[in-house]
Amino acid sequence: MIQTVGSHLRRGFASVFSSRTSRKSASRAGDADGAMADGEGYRNPTEVQMSQLVLPCHTNQRGELSVGQLLKWIDTTACLSAERHAGCPCVTASMDDIYFEHTISVGQVVNIKAKVNRAFNSSMEVGIQVTSEDLCSEKQWTVCKALATFVAHRELSKVKLKQITPRTEEEKTEHSVAAERRRMRLVYADTIKDLLANCAIQDNLESRDCSRMVPAEKTRVESVELVLPPHANHQGNTFGGQIMAWMENVATIAASRLCRSHPTLKAIEMFHFRGPSQVGDRLVLKAIVNNAFKHSMEVGVCVEAYRQEAETHRRHINSAFMTFVVLDADDQPQLLPWIQPQPGDGERRYREASARKKIRLDRKYIVSCKQAEVPLSVPWDPSNQVYLSYNNVSSLKMLVAKDNWVLSSESNQVRLYTLEDDKFLSFHMEMTVHVDAAQAFLLLSDLRRRPEWDRHYWSVEVVQQVDEDDAICHVISPPLGGNPKPQDFVILASRRKPCDNGDPYIIALRSVTLPTHPETPEYRRGETLCSGFCLWREGDQLTKATGCPRRTCMEHACPTRRALPACCL
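In the annotation of an unreviewed UniProt entry, the entry for the protein reads Acyl-coenzyme A thioesterase 11, and the organism field reads Oryctolagus cuniculus. According to its UniProt record, the protein has this under Function (unreviewed entry): "Has an acyl-CoA thioesterase activity with a preference for the long chain fatty acyl-CoA thioesters hexadecanoyl-CoA/palmitoyl-CoA and tetradecanoyl-CoA/myristoyl-CoA which are the main substrates in the mitochondrial beta-oxidation pathway." UniProt, in the comment section headed Pathway (unreviewed entry), describes the protein in these words: "Lipid metabolism; fatty acid metabolism."

Here's what the structure looks like:
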């Protein structure tokens, strides 16, 4: 079977590259529909826009929009978008990490746009974009982007959401990547737990200047809020945005007790609602500074709910970690005092905050930054493995979803497309093979069998089996470009099964750096930023195979930094 699949692909790709068909300007099928979707007049049916003028009542002590108020507006806008798609009430399940790029001043306008990226069974991902606008100068700034998960809620019947049909390139990209983000959310708690356990952080508390230390207990805050009808939605459940606003309030007080100034919130780690609260509930909000670094501090916040008649029975509603800085007159971060943790739980929180900082920086670097800012090979370690795997799969999905591929040649029903995008040159091939998609996926995702049918793979060694779906492999390939030395690659191979009907099987490859496998004189180290297969089921024994064999930076196109040859995907 593997030889059958391999021979289909080998013959197809060879025919494309040996063909002398002239370059065609036609795009792949469906571009016309995409152009119409991008045209004037199209608007996503789930899109909701909100514009708010920032008044003094919305601001904090610095005269800037309170992040708590912004979170309420974000949650309301996203909820309206979710309900527009679901056609029934929806509740906030989670809010992904948020990084705030700019503050917003009195008199400026906040513009919030939300739309449903993808619907699953009864939950959906809503993408939110927040910008600020100065009405006098007409300047606009990006404030933050957010991703929220909402669950459709109908008391008498189970909700089955209708699927989203993406039309524009942006919608197709978000729709395809949403499945991978959902996968990360479902294992979020276990991921953080594992990362903290495997992330070795050493803080020499004894060497710290005691005169600059503040006992952590001095920053502790506890506050009680009574949930009243104005705080609840039409179902009587507390607005998620209201709870997040209360959490931001107590976190700000805790941060202020450390710095004795007015702190600025820069980032929030994922909000995850573990259960609802209703009108009449008492919410206990607790906050404490877990750790202070040179220019930032982490504040931990948790929320518990109880009824007046059962005060001893408290339910854990939510928790989050917020990062604050203190800015001077020139908006530069100031030095902060050190934290003196309390023995026991305080020391545990202290060290976990250090680990989370490292995780947060790795995650922001890998997940949030643009492809042009990511080196071809990213260092691999336990603190970034989940997010590097996510980036590996999502990069391939986003690349395939682009609309501006140009059909370069076609031979024997194998089509070759090219794409020049910013600094990158990519190749993309499509063909149909008479093999079941699940069987093709099973065979092609095992890189150890690749040399059986692909002459560009001399050998493959599995260096590390990360988990069931991810492995790091060392690949040896033949000399290329007149250089007598063979090439070697250290590759993260990630495979994913379809999330829903219509989704492809994914086999994604990208280069990583391992200390155990440095460059050696006997090989030329090759690198690939994004390559792999997407396999769509076209029938019982029919599969459309799409290969993105090369995504390489044209600035690094020298022989020592070439990606895998196009014919070997």
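Caption draft 1: Molecular detail of the sheet that holds strand S11 (residues 282-292). Taken together, the six strands give an open sheet; going across it, the order is S3-S9-S13-S12-S11-S8, and neighbouring strands pair in antiparallel fashion. Every other strand in the sheet has two partners, leaving strand S3 (98-99) and strand S8 (221-226) as the edge strands with one partner each. Where S8 meets S11, six bridges bridge the pair, whose relative direction is antiparallel. Residue Val 224 lies in a different strand from S11, and its bridge partner there is Val 284.

Caption draft 2: Representation of unusual backbone geometry within the structure. Positioned with a positive phi, Glu 138 is a non-glycine residue whose angle comes to about 65°. Along the chain, Glu 138 falls in the loop between strand S5 (123-133) and strand S6 (140-152). Note on Glu 138: relative accessible area 68%, which makes it exposed. Residue Asn 412 is not a glycine yet carries a positive backbone phi of 55°. Position of Asn 412 relative to the elements: it lies in the loop between strand S16 (406-411) and strand S17 (414-421).

Caption draft 3: How the structure looks around the confidence of the model for the protein. For the protein, per-residue confidence averages 83 on the pLDDT scale, and residues scoring 70 or more make up 83% of the total. This model gives residues 12-39 a pLDDT under 50, and the stretch forms 55 contacts once residues within four places in sequence are excluded. The model gives residues 553-569 a pLDDT under 50, and that stretch makes 62 contacts with residues more than four places away or in other chains.

Caption draft 4: Layout of the sheet that holds strand S10 (residues 271-272). Strand order in the open sheet formed by six strands is S1-S4-S5-S6-S2-S10, and the pairing between neighbours is antiparallel. Two strands close off the open sheet at either side, each with one partner strand: strand S1 (48-53) and S10. In this sheet, S6 lies alongside strand S2 (residues 90-95) in antiparallel orientation, the contact comprising five bridges. Across the sheet, residue Val 91 finds its bridge partner in S6, namely Val 151. The strands touched by helix H3 (residues 67-86) within the sheet are S1, S2, strand S4 (109-119), S5, S6 and S10, with S4 carrying the most contacts at an inclination of about 40°.

Caption draft 5: Highlighting the pairing of S4. With 10 of 11 residues buried, S4 is to be regarded as a mostly interior element. As defined by bridge partners, S1 adjoins S4 across six bridges and the pair is classed as antiparallel. Following the sheet pairing, Ser 51 is matched in S4 by Asn 111. In the sheet, S4 pairs with S5 via 10 bridges, with the strands oriented antiparallel. Note that in S5 the partner of Ile 112 across the bridge is Val 130. Hairpin connection of S4 to S5: three residues between the antiparallel strands.

Caption draft 6: A look at the packing of H3 against helix H6 (residues 240-259). Close contact between H3 and H6 brings their axes to 8 Å; oriented N to C, the two are set at 165°. As judged from the angle between their axes, H3 and H6 are roughly antiparallel. Regarding H3 and H6, the two cross each other, and that crossing is right-handed. Contacts from Val 67, Gly 68, Leu 71, Lys 72 and Asp 75 of H3 reach H6 at Gly 240, Gly 241, Gln 242, Met 244, Ala 245 and Glu 248. Taken together, the residues that form the contact of H3 with H6 break down as four nonpolar, four polar and three charged.

Caption draft 7: Representation of helix H8 (residues 385-401) within the structure. Across its 17 residues, H8 extends 24 Å between first and last C-alpha, which sits within 8% of the 24 Å expected from 1.5 Å per residue. The buried fraction of H8 is high, at 14 of 17 residues.

Caption draft 8: Representation of helix H9 (residues 437-444) within the structure. Those residues of H9 not exposed but buried are Ala 437, Ala 440, Phe 441, Leu 443 and Leu 444. Residue Asp 436 occupies the N-cap position of H9, its side-chain oxygen lying 3.1 Å from the main-chain nitrogen of Ala 438.

Caption draft 9: A look at the packing of aromatic side chains. By the definition in use, this model includes one aromatic pair. On the basis of an interplanar angle of 35° and a centroid distance of 4.9 Å, the ring pair of Phe 441 and Tyr 505 is categorised as tilted. Here Phe 441 is found in helix H9, whereas its partner Tyr 505 is found in strand S22 (residues 505-513), with 64 residues between them in sequence. Each member of the pair, Phe 441 as well as Tyr 505, carries the same accessibility label: buried. Directly above the aromatic system of Phe 321 lies the positively charged group of Arg 356, at a separation of 3.6 Å from the ring centroid. In this structure, Arg 450 packs its charged tip against the face of Tyr 457, placed 4.4 Å from the ring centre.

Rules used in this analysis
Residues numbered from 1 in each chain as written. Predicted model: local features only at pLDDT ≥ 70, side-chain atom pairs only at ≥ 80, totals over all residues. Heavy atoms only, no water. UniProt positions renumbered as here; feature names shortened; annotations may be inferred. Pairing = 2+ DSSP bridges. Helix = DSSP H or I, 4+ residues; strand = E, 2+ residues; numbered from the N terminus. Buried < 20%, exposed > 50% of the residue type's maximum accessible area, 1.4 Å probe, protein only. pLDDT = per-residue confidence, 0-100. Contact = heavy atoms within 4.5 Å. Axes fitted to C-alpha atoms, helices over the stretch in contact; angles between N-to-C directions. Parallel < 35°, antiparallel > 145°, perpendicular 65-115°, else oblique. Left-handed = near helix turned anticlockwise from the far one by under 90°. Nonpolar A, V, L, I, M, F, W, Y, C, P; charged D, E, K, R; others polar. Expected span 1.5 Å × (residues − 1). Polar contact = N/O pair within 3.5 Å; in protein donor to acceptor, adjacent residues only side chain to side chain. Phe/Tyr/Trp six-rings, centres within 6.5 Å; stacked < 30°, edge-to-face > 60°. Lys NZ or Arg CZ within 6 Å of the ring centre and 35° of its normal.

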